[in-house]
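These are the residues of each chain, in order.
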Amino acid sequence: MTTDTPAATATGGTTHAALAAWVDEVAALTTPDRVQWITGSPQEWTEVTDKLVAAGTFTRLNEQTHPNSFYAASDPTDVARVEDRTFICSVDEKDCGPTNNWMAPDEMKAIMTDLYRGCMTGRTMYVIPFVMGHLNAEKPMFGVEITDSEYVVASMRVMARCGSKVLDRIEELGESARYVPALHSLGAPLQPGEKDVAWPCNQTKYIVQFPEERTIWSYGSGYGGNALLGKKCYSLRIASAMARDEGWLAEHMLILKLISPEQQTYYVAAAFPSACGKTNLAMLEPTIPGWRVETLGDDIAWMRFGDDGRLYAVNPEFGLFGVAPGTNEKTNPNAIRTLAKGNSVYTNVALTDDGGVWWEGLENEPQHATSWKGEDWTPDSGELSSHPNSRYCTPIDQCPILADEYDDPRGVPISAILFGGRRKTTVPLVTEARDWVHGTFMGATLSSETTAAAVGQVGVVRRDPMAMLPFIGYNAGDYFGHWINVGKDADASKLPKIFYVNWFRRDEDGGFLWPGFGENSRVLKWVIERIEGKAAAVETPIGHVPTPESLDIDGLDMTPEQVEAALRVDPQEWRAEIPQIEEWFAKFGDALPTQLQVELDGLKARLGD
Ligand code: GDP
Ligand code: PGA
Ligand code: MN
Ligand code: MN
């Protein structure tokens, strides 16, 4: 990776020899005009956001209503994660497994090195030292992202702990510091005199993880999950491979704290696929009297066993990257309050004429706005004002219900894990697993309708194991085995209890059977009462489901028939799932743990024919 281009001018640098050498090597290959090390200072935020405003990428929002906040509209082709362009380049193809795209590392590096050659010409190369989780964790999880995108710099500053403090710590640790090198380029070099576009990107995209080397290479996209490399690429794909090797779990889970009327505290983690309700549940405002929720995380949980044998979760992130449409005062008042404090970036929503933002589902629909496509929009233009995967990016410490424990690097002990997806039929509101292995089976067979969070068809039912299908950094069969092993090595009485939820079941008219959002607190209450041995359940072929009386529906506008329909386990519908589960499991061959086959056989036997 060398060229004879003269070195770019640099702001900042490092005494860490290996890191300095990597940065030099990347600069020599990508030939930026400038290199700038990100410090995390307030002046730097002003400089970067000013630059984004000047380039037309950002529009500064009304300072009164949206202080220090910005609007961005992406290229219409760069709006979501690109799963078909995402690769796990393990040395051995079988370590990638049947659910990921694979290419040999050398082959991928050759292709991408060609793409990277000269790709930062005319741009600034930013070096972002960051840490996922706490800087004062026992083993801080460092990363360094190189990017040529100011949008990525601004967003990373919100989503991860970044800058000089992190670099200082890496330098203190010297050669013993472990960090994930993460290289990102928009793939949009600027020739002298060439005018930039508002959202530079490239039609060729690669989102690549090298799990053995703990390295990330990303090219061609500026969108969150493809470009903010601390998030999905590091904290899920690379971290899941680390977790397999080291005996912990890196999961696509929110973390919440639940406080009962008796002032008992419980911590719950929940894995739902992208755009299936994690951010909303994490910031829940319970509708049942006396119960309170506080937030710890909305997307990622790293879980390790504590000395007391319990499983402790930390949120490695520093910001919230939420789906905008559907967010409003009623569905997610705490998100609205978080955003009201400003310091946020909105991407692909609508820009209102008074310098605010709007999206489908938000109150106060404007009579006119500029749509995410930059077109005039009115309530009767017959088009969406905002992309269904439009997002807000906002500091988590602005969340008014952030739990104090968020700042504790040891994390919180998890009492319950929920798995859930979007299913119109079949899957009841809540089901309790009999034990850890059965819960692992529920997770491994989790299914959900695809959403706009990834490019591709929306609404297609697919298996999304533990809501991790696009994020497992190795063979999913081995990942199931890892889950089984985590349970086997633990004290069963201290393991979290596992539940399967579905907020999205429909009635014959296509409406949601369950009101969802704040009312999901009723399900959380049942979960806690099950853990405490206080709530009744019926044993069904798929697990324990609430008796209609055991679910608190006091004050809920639902008929007993509707509640029954939400909880119903229809053997007919479940028998129809079996061939799909069999087909899913067949993908894994020998890598499928026998325990899961035993669970499937048991389910078949209980369902009869
Ligand atoms: P995440 O991507 O998993 O964090 O999901 P979000 O919490 O951002 O929600 C994604 C979409 O699902 C948004 O449009 C929400 O309004 C909607 N949603 C979230 N929770 C519920 C629920 O309980 N019921 C229904 N019907 N929709 C929900
Ligand atoms: P989400 O996060 O899970 O909140 O949608 C982004 C993603 O998974 O792409
Ligand atoms: Mn996610
Ligand atoms: Mn979310």
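Residues numbered from 1 in each chain as written. Chains lettered and ligands numbered in written order. Predicted model: local features only at pLDDT ≥ 70, side-chain atom pairs only at ≥ 80, totals over all residues. Heavy atoms only, no water.

(A) How the structure looks around helix H11 (residues 476-488). With 13 residues, H11 ought to run about 18 Å at 1.5 Å a step, and its terminal C-alpha atoms sit 18 Å apart, in line with that. Residues of H11 that are buried include every one of Ala-476, Gly-477, Tyr-479, Phe-480, Gly-481, His-482, Trp-483, Ile-484, Val-486 and Gly-487, and no others. Of the residues flanking the start of H11, the one acting as N-cap is Asn-475, its side-chain oxygen 2.8 Å from the backbone nitrogen of Gly-477. (Helix = DSSP H or I, 4+ residues; strand = E, 2+ residues; numbered from the N terminus. Expected span 1.5 Å × (residues − 1). Buried < 20%, exposed > 50% of the residue type's maximum accessible area, 1.4 Å probe, protein only. Polar contact = N/O pair within 3.5 Å; in protein donor to acceptor, adjacent residues only side chain to side chain.)

(B) Structural view of the coordination of the manganese ion (ligand 3). The coordination sphere of the manganese ion (ligand 3) contains the protein donors Lys-232 (NZ), His-252 (NE2) and Asp-299 (OD), at a distance range of 2.0 to 2.2 Å. Classification of the site at the manganese ion (ligand 3) rests on its six donor atoms, whose angles at the metal span 63 to 168°, yielding the label irregular. Linear spacing of the donor residues for the manganese ion (ligand 3) on their chain is K-x19-H-x46-D. Between the two metal centres, the manganese ion (ligand 3) and the manganese ion (ligand 4), the spacing is 5.5 Å. (Donors = N, O, S within 2.8 Å, 3.2 Å for Na, K, Ca; no water. Tetrahedral: all angles 85-135°; square planar, octahedral: opposite > 155°, others 65-115°.)

(C) Representation of helix H10 (residues 436-444) in the model. The element H10 is largely enclosed, with a buried count of eight among its nine residues. All of the buried residues along H10 are Trp-436, His-438, Gly-439, Thr-440, Phe-441, Met-442, Gly-443 and Ala-444.

(D) Spatial organisation of the domain arrangement of the protein chain. Segmentation of the protein chain into domains returns domain 1 (2-57 + 82-222), domain 2 (250-319 + 403-607) and domain 3 (321-398). Once you take the C-alpha centre of each, domain 2 and domain 3 turn out to be 29 Å apart. Contact with domain 2, which involves 16 residues of that partner, is made by 18 residues of domain 3. Roughly 1,200 Å² is buried in total at the junction of domain 2 and domain 3, and carbon and sulfur atoms are behind 55% of that figure. Summed over the three residues of domain 2 that lose the most area to domain 3, namely Met-283, Glu-285 and Ala-452, the buried surface amounts to 37% of that side. Glu-285 is the salt-bridge partner of Arg-337, the closest N and O atoms lying 3.3 Å from each other. Viewed at the interface, domain 3 and domain 2 are joined by three residue pairs in polar contact (both at pLDDT 80 or more). (Domains from an automatic or database assignment. Contact = heavy atoms within 4.5 Å. Buried area = accessible area lost by both parts, 1.4 Å probe. Salt bridge = Lys/Arg side-chain N within 4 Å of Asp/Glu carboxyl O.)

(E) Structural context of the sheet that holds strand S17 (residues 311-314). A sheet is described by the order of its strands in space; here four strands give the open sequence S12-S16-S17-S25, paired in antiparallel fashion. Of all the strands in the sheet, the pair left with one neighbour each is strand S12 (249-251) and strand S25 (412-413). Sheet analysis places S12 next to strand S16 (residues 301-305), joined by three bridges and oriented antiparallel. Bridge assignment links Leu-249 to a residue of S16, and that residue is Met-303. The sheet contacts of helix H7 (residues 230-246) involve S12 and S16, and relative to S12 the element is tilted by about 160°. Strand contacts of H11: S12 and S16, with the helix running at about 125° to S12, the strand carrying the most contacts. (Pairing = 2+ DSSP bridges. Axes fitted to C-alpha atoms, helices over the stretch in contact; angles between N-to-C directions.)

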